[in-house]
Amino acid sequence: MVMEYVSILIFFFVSMILSMIIFGLSYIVAVQKQDPEKVSAYECGFDPFDDARNTFDIRFYLVSILFIIFDLEVAFLFPWAVSLSDIGLFGFGSMFVFLFILTIGFIYEWKKGALDWE
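Summary of the structure given here.

**Structural notes on a nonpolar patch on the surface**
Here's step 1: Together, Leu9, Phe12, Phe13, Met16, Ile17, Met20, Ile21, Leu25, Tyr27, Ile28 and Val29 make up a nonpolar patch on the protein surface, roughly 1200 Å² of accessible area in all.
Here's step 2: Position of Ile21 among the secondary structure elements: in helix H1 (residues 6–29).

**A look at the packing of helix H3 (residues 58–82) against helix H4 (residues 84–112)**
Here's step 1: Remark: H3 packs on H4, axes separated minimally by 10 Å, with the N-to-C direction vectors making an angle of 165 degrees. It follows from the interaxial angle that H3 and H4 lie roughly antiparallel. Considering the relative orientation of H3 and H4, their crossing is left-handed. Residues Leu66, Ile69, Phe70, Glu73, Phe76, Leu77, Trp80, Ala81 and Val82 of H3 touch H4, and the partners they reach there are Leu84, Ile87, Gly91, Phe92, Met95, Phe98, Leu99, Leu102, Phe106 and Glu109.
Here's step 2: Per-class residue counts for the contact of H3 with H4 are 16 nonpolar, one polar and two charged.

So, how was this worked out
Residues numbered from 1 in each chain as written. Predicted model: local features only at pLDDT ≥ 70, side-chain atom pairs only at ≥ 80, totals over all residues. Heavy atoms only, no water. Patch = residues over 30% accessible without salt bridge, like charges linked within 9 Å, V, L, I, M, F, W, Y side chains within 5 Å. Areas by Shrake-Rupley, 256 points an atom, 1.4 Å probe, with all protein chains shown as cover. Salt bridge = Lys/Arg side-chain N within 4 Å of Asp/Glu carboxyl O. Helix = DSSP H or I, 4+ residues; strand = E, 2+ residues; numbered from the N terminus. Axes fitted to C-alpha atoms, helices over the stretch in contact; angles between N-to-C directions. Parallel < 35°, antiparallel > 145°, perpendicular 65-115°, else oblique. Left-handed = near helix turned anticlockwise from the far one by under 90°. Contact = heavy atoms within 4.5 Å. Nonpolar A, V, L, I, M, F, W, Y, C, P; charged D, E, K, R; others polar.

Here you go:
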């Protein structure tokens, strides 16, 4: 039984050794010059102007949560599209209900102004 996993262990050890070699060579070969531009904090092209522990506007969090919700919709659509011929009309109807509920949620967010950026 152990012999079945020997190829996986060999692959694991070879990949670990190769990654250590590549990491070590990049550290040895690369030029290690520190300058203020390279070690400064980078914040979307702007110089940091305040402490990083300040509170953000709630709209940033709201937009990120909305993106995650509607991005997960696509994660459900791909397997559904692949297996549509196998799941038949019931699968089609259940996905239609799922997309209808998401559309209602999207319209609700739009009407409440969650997508407006002022």
